[in-house]
Amino acid sequence: MSRVLIADDHGVVREGLRRVLSRMPDIEIVGEAAIGEQALEMRLPLEPDLGMLDLSMPERGGLDVLATRQTGLPAPPAHAGSAYIKQIARATLEISVVGAAAYVALDSPGGTVTDARIALGAVGPTPPRAPTAEAELVGQPYSEALARAAGEAARLDARPIDDHRGSATYRLEMVEVLVRRAVARAAERAAQRGGSHA
């Protein structure tokens, strides 16, 4: 049995995760935290096997919690941000029609993209990376036009199918929109992060 600690500053997200995870017979939810600092305080007495951490909680996000926990992962660099956005059909609620996650690192607030990672959800048998979209970003000064170009490029990396949640054509259109939005949100968060996080 895996012991899970949930940390997210949105109660509705914690409730949704709790509902989904409670249906899994090999998962035990041992605690919930609304902020990163609380998750750090809870981890020692609760000894979770897994943590489901929101990357952008107030005061201390999930990446900072991981770095503080000394997991061997480096602290996120200054001017780096991430975002995850998903499209949900009302009839299926728990299963995404399409999802997009983006990580963007800038050399300075509003500067050049030094690193980018994009992953897509519900567009293939496993969540693929979007290397074409990533290549579109790296080395370029960040702009809304660049986020649009990354969204367009991500269509080349997706291999969606038709099913009850949506057609392949619709999913390709949503990949473009969601990647653009995720990249823009990640870049906005990257621009807001400054200083040293070592």
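Scroll up a little and you will see the structure.
Quick look at the structure, then. What you see is a predicted model; the values in this text were computed from it and never measured. (Residues numbered from 1 in each chain as written. Predicted model: local features only at pLDDT ≥ 70, side-chain atom pairs only at ≥ 80, totals over all residues. Heavy atoms only, no water.)

**A look at the sheet that holds strand β1 (residues 2–7)**
Heads up, the condition is: Pairing between strands is defined by DSSP: at least two bridges between them are needed. A helix here means a DSSP run of H or I that spans at least four residues, while a strand means a run of E at least two residues long, and both kinds are numbered starting from the N terminus. The convention used is that axes are lines fitted to C-alpha atoms, helices contributing only their stretch in contact, and that angles between N-to-C directions extend from 0 to 180 degrees.
Across the sheet, which stays open at both edges, the three strands sit in the order β2-β1-β3 with parallel pairing between neighbours. The open sheet has two edge strands with one neighbour each: β2 (27–33) and β3 (50–53). On average, each strand axis in the sheet is inclined to that of its neighbour by 25°, with strand direction left out of account. Note: β1 against β2, six bridges, orientation parallel. Within the sheet, the bridge partner assigned to Ser-2 lies in β2 and is Ile-27.

**Observations regarding the nonpolar core**
Applicable threshold: Within this scheme, the nonpolar core is defined by two criteria: the residues are buried Ala, Val, Leu, Ile, Met, Phe, Trp, Tyr or Cys, and they are joined through side-chain atoms within 4.5 Å. Think of it in three bands: residues with accessible area under 20% of the maximum for their type are buried, residues over 50% are exposed, and the middle band is partly exposed, with areas taken using a 1.4 Å probe on protein chains only. Only heavy atoms enter the contact rule, under which two residues are in contact if any of them lie within 4.5 Å.
Grouped together as the largest cluster of nonpolar side chains are 32 residues, with contacts concentrated most on Ile-118, Val-179 and Val-183. Of all the elements in the fold, those that place two or more residues in this core are β4 (80–88), β5 (96–106), β6 (113–121), α4 (131–137), α5 (144–154) and α6 (168–192). The element contributing the most residues to this core is α6, with nine residues. Each residue touching Val-183, except ones within four places of it in the same chain, is listed here: Ala-102, Val-104, Ile-118, Leu-137, Tyr-142, Ala-147 and Ala-150.

**With respect to a positive patch on the surface**
In plain terms, the rule: Patches draw on residues past 30% relative accessible area with no salt bridge. Two like charges within 9 Å are joined, as are two nonpolar side chains (Val, Leu, Ile, Met, Phe, Trp, Tyr) within 5 Å. Only the protein chains shown count as cover for residues, with accessible areas throughout obtained via the Shrake-Rupley method and a probe of 1.4 Å. Note on definitions: salt bridges are taken to be side-chain nitrogens of Lys or Arg within 4 Å of carboxyl oxygens of Asp or Glu. In this charge count, Lys and Arg are treated as positive and Asp and Glu as negative; neither His nor the chain ends contribute. In plain terms, the charge of a residue is placed at NZ if it is Lys, CZ if Arg, CG if Asp and CD if Glu.
Side chains of Arg-148, Arg-180, Arg-181 and Arg-185 sit close together on the surface and give a patch of like positive charge. With respect to the element layout, Arg-185 can be found in helix α6.

**Here we look at the sheet that holds β4**
Spatially, the three strands line up as an open sheet ordered β4-β5-β6, and their pairing is antiparallel. Since the sheet does not close on itself, it has two edges, and those belong to β4 and β6, each with one partner. Within this sheet the neighbouring strands show an average axis-to-axis angle of 10°, counted without direction. Where β4 meets β5, nine bridges bridge the pair, whose relative direction is antiparallel. Along β5, the bridge assignment pairs Ala-83 with Ala-102. Seen against the sheet, α6 touches β4, β5 and β6 and runs at an angle of roughly 30° to β5.

**So, the pattern of salt bridges**
Pairing is possible between side chains that carry opposite charge, provided their charged atoms lie close to one another. Following the criterion strictly, the structure yields eight salt bridges and no others. For the salt bridge of Arg-155 with Glu-176, the shortest nitrogen-to-oxygen distance reads 3.1 Å. On the criterion of sequence distance, the pair formed by Arg-155 in the loop between α5 and α6 and Glu-176 in helix α6 is long-range, its members being 21 residues apart. Note on Arg-155: relative accessible area 31%, which makes it partly exposed. For Glu-176, a relative accessible area of 25% puts it in the partly exposed group. In this structure, Arg-171 engages Asp-163 in a salt bridge whose closest nitrogen and oxygen atoms are separated by 3.0 Å.

**A few points about the side chain of Ser-82**
Within the secondary structure, Ser-82 is located in strand β4. On the accessibility criterion, Ser-82 (10% relative accessible area) is buried. Each residue touching Ser-82, except ones within four places of it in the same chain, is listed here: Leu-55, Ala-102, Tyr-103, Ala-186 and Arg-189.

**So, the environment of Ala-133**
For Ala-133, the position within the fold is in helix α4. Residue classification places Ala-133 among the buried residues on the basis of a relative accessible area of 0%. Through-space distance from the C-alpha of Ala-133 to that of Arg-155 is 8.4 Å; in sequence the pair is 22 residues apart. Setting aside residues up to four positions removed in sequence, Ala-133 forms contacts with Ile-118, Ala-150, Ala-153, Ala-154 and Asp-157.

**Comments concerning the layout of surface pockets**
For clarity, the threshold we go by: A cavity here means a set of 1 Å grid points, computed over protein atoms only, where a 1.4 Å probe fits but cannot escape. A pocket is an open set with protein on both sides within 12 Å along at least 5 of 7 lines, and lining residues have an atom within 4 Å of a point. Grid points are joined across faces, edges and corners, and a volume is the space filled by probe spheres set on the points. Side-chain classes are defined by residue name, with Ala, Val, Leu, Ile, Met, Phe, Trp, Tyr, Cys and Pro counting as nonpolar, Asp, Glu, Lys and Arg as charged, and the others, Gly among them, as polar.
Of the volumes computed, that of the largest pocket is approximately 1300 Å³. Together, 36 residues line the largest pocket, and Asp-8, Val-13, Leu-17, Tyr-84 and Lys-86 are the ones closest to its centre. Every element with two or more residues in the lining of the largest pocket is listed here: α1 (11–22), β3, β4, β5, β6 and α6. Counting residues per element, the lining of the largest pocket draws most heavily on α1, at eight residues. Tallied by class, the residues present in the lining of the largest pocket amount to 20 nonpolar, four polar and twelve charged.

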